[in-house]
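Observations on the three-dimensional arrangement
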Amino acid sequence: MQSDVPGTPTPLPTRGRRGAESVPPQQKLREPHPDAEAAAKALREVRDEVDRANITGLLLASRDGLLLASDTQEIEDDSVAAMAAASVGLATRFVGQAGLGEARGAMFQGSLGHVCVFPVQGPILLVVFARPDTTMGLFNVVARQALTLLQDALTTTN
């Protein structure tokens, strides 16, 4: 949308409700990520096997921050996918700078729960959410179990 007044900046697009005619043609159709179908299938296999008493959600993202599949509640999945990619990048640099080898994940603890991001294989990241009453030790164990289950599911899917 060009401004008719010289020197007036063009407004940025907003996330409000708009009709299809106001969406630029290049944004109308978005091709699914090539790993999305396999990731969604693998996530369906994993979510029935994880410890649901402690794990409250699972999300799969690409390393470029795109949502592949999710099993979450009350979370803005697209934003979390983008933050997952950023956190793995930061963890990789942080661990490398500290001379600790390769980053194997990024874990965060909040007042309302825990979240961990693991590189799975290729361009896929696993994000695991847990309840606040889950200890960090138990969360580490069940999150790694989810990671192993996902890696196995993706191996059988490919």
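Everything below is about the structure shown above.
The structure presented is a predicted model; accordingly, all values stated were derived computationally and were not measured.

**Brief notes about the nonpolar core**
- Ranked by internal contacts, the top residues of the largest apolar core, which has 26 residues, are Leu58, Leu60, Leu126, Val128, Phe139 and Leu150.
- Ranked by the residues each element gives to this core, the list is headed by helix H4 (residues 136-157), at eight residues.
- Judged by nonpolar contacts, the second largest core, of eleven residues, contains Leu59, Val80, Ala81 and Ala84.

**Side note on helix H2 (residues 36-47)**
- Helix length check: H2 (twelve residues) gives 16 Å between terminal C-alpha atoms against 16 Å at 1.5 Å per residue, within 8%.
- Within the sequence span of H2, burial applies to Ala36, Ala39, Ala42, Leu43 and Val46. Viewed along the axis of H2, the buried residues span an arc of 130°, placing them on a single side of the element.

**Looking at helix H3 (residues 77-97)**
- Here H3 spans 30 Å end to end across 21 residues, near enough to the 30 Å set by a 1.5 Å rise per residue.
- Within the span of H3, buried status applies to Asp77, Val80, Ala81, Ala84, Ala85, Ser87, Val88, Ala91 and Val95. Take H3 and look down its axis: the buried residues cluster within an arc of 165°, on one side only. Looking at H3, the residues exposed on the side facing more than 90 degrees away from the buried face are Met83, Ala86, Leu90, Arg93, Phe94 and Gln97.
- Tucked into the core, H3 has its buried residues touching strand E1 (55-62), strand E2 (67-71), strand E3 (106-110), strand E4 (113-121) and strand E5 (124-130).
- Looking one or two places after H3, you find glycine 99, whose phi comes out positive at around 70°.

**Notes on unusual backbone geometry**
- Even without a glycine there, the phi angle at glutamate 74 is positive, about 55°.
- Examined against the element boundaries, glutamate 74 turns out to sit in the loop between E2 and H3.
- Taking relative accessible area as the criterion, glutamate 74 reaches 85% and is therefore assigned exposed.

**A short note on the pairing of E4**
- Sheet topology places E3 next to E4; five bridges connect them, and they run antiparallel. Residue methionine 107 lies in a different strand from E4, and its bridge partner there is cysteine 116.
- Linking two consecutive strands that pair antiparallel, namely E3 and E4, is a turn of two residues.
- Of the pairings in the sheet, the one linking E4 to E5 comprises seven bridges and is antiparallel in character.

**So, the sheet that holds E4**
- Taken in spatial order, the five strands make up an open sheet running E2-E1-E5-E4-E3, and their pairing is antiparallel. With one partner strand each, in any of the chains shown, E2 and E3 form the two edges of the open sheet. Strand-to-strand twist in this sheet, taken as the mean axis angle between neighbours without regard to direction, amounts to 15°.
- Sheet contacts for H2: E1 and E2; angle to E2, the most-contacted strand, approximately 20°.
- Where H3 meets the sheet, its contacts fall on E1, E2, E3, E4 and E5, and the angle it forms with E5 comes to roughly 110°.

**Focus on the pairing of E5**
- Along E5, seven of the seven residues are buried, which leaves the element largely enclosed by surrounding structure.
- With burial as the criterion, each face of E5 is covered, one bearing Ile124, Leu126, Val128 and Ala130 and the other bearing Leu125, Val127 and Phe129.
- For E1 and E5, the ladder comprises seven bridges, and the chain directions are antiparallel. Within the sheet, the bridge partner assigned to leucine 59 lies in E5 and is valine 127.
- The antiparallel pairing of E4 with E5 creates a hairpin that spans two residues between the two strands, and glycine 122 there sits at a positive phi of about 55°.

Conventions and cut-offs
- Residues numbered from 1 in each chain as written.
- Predicted model: local features only at pLDDT ≥ 70, side-chain atom pairs only at ≥ 80, totals over all residues.
- Heavy atoms only, no water.
- Core = buried A, V, L, I, M, F, W, Y, C linked by side-chain atoms within 4.5 Å.
- Buried < 20%, exposed > 50% of the residue type's maximum accessible area, 1.4 Å probe, protein only.
- Helix = DSSP H or I, 4+ residues; strand = E, 2+ residues; numbered from the N terminus.
- Expected span 1.5 Å × (residues − 1).
- Arc of directions from axis to C-beta.
- Contact = heavy atoms within 4.5 Å.
- Pairing = 2+ DSSP bridges.
- Axes fitted to C-alpha atoms, helices over the stretch in contact; angles between N-to-C directions.

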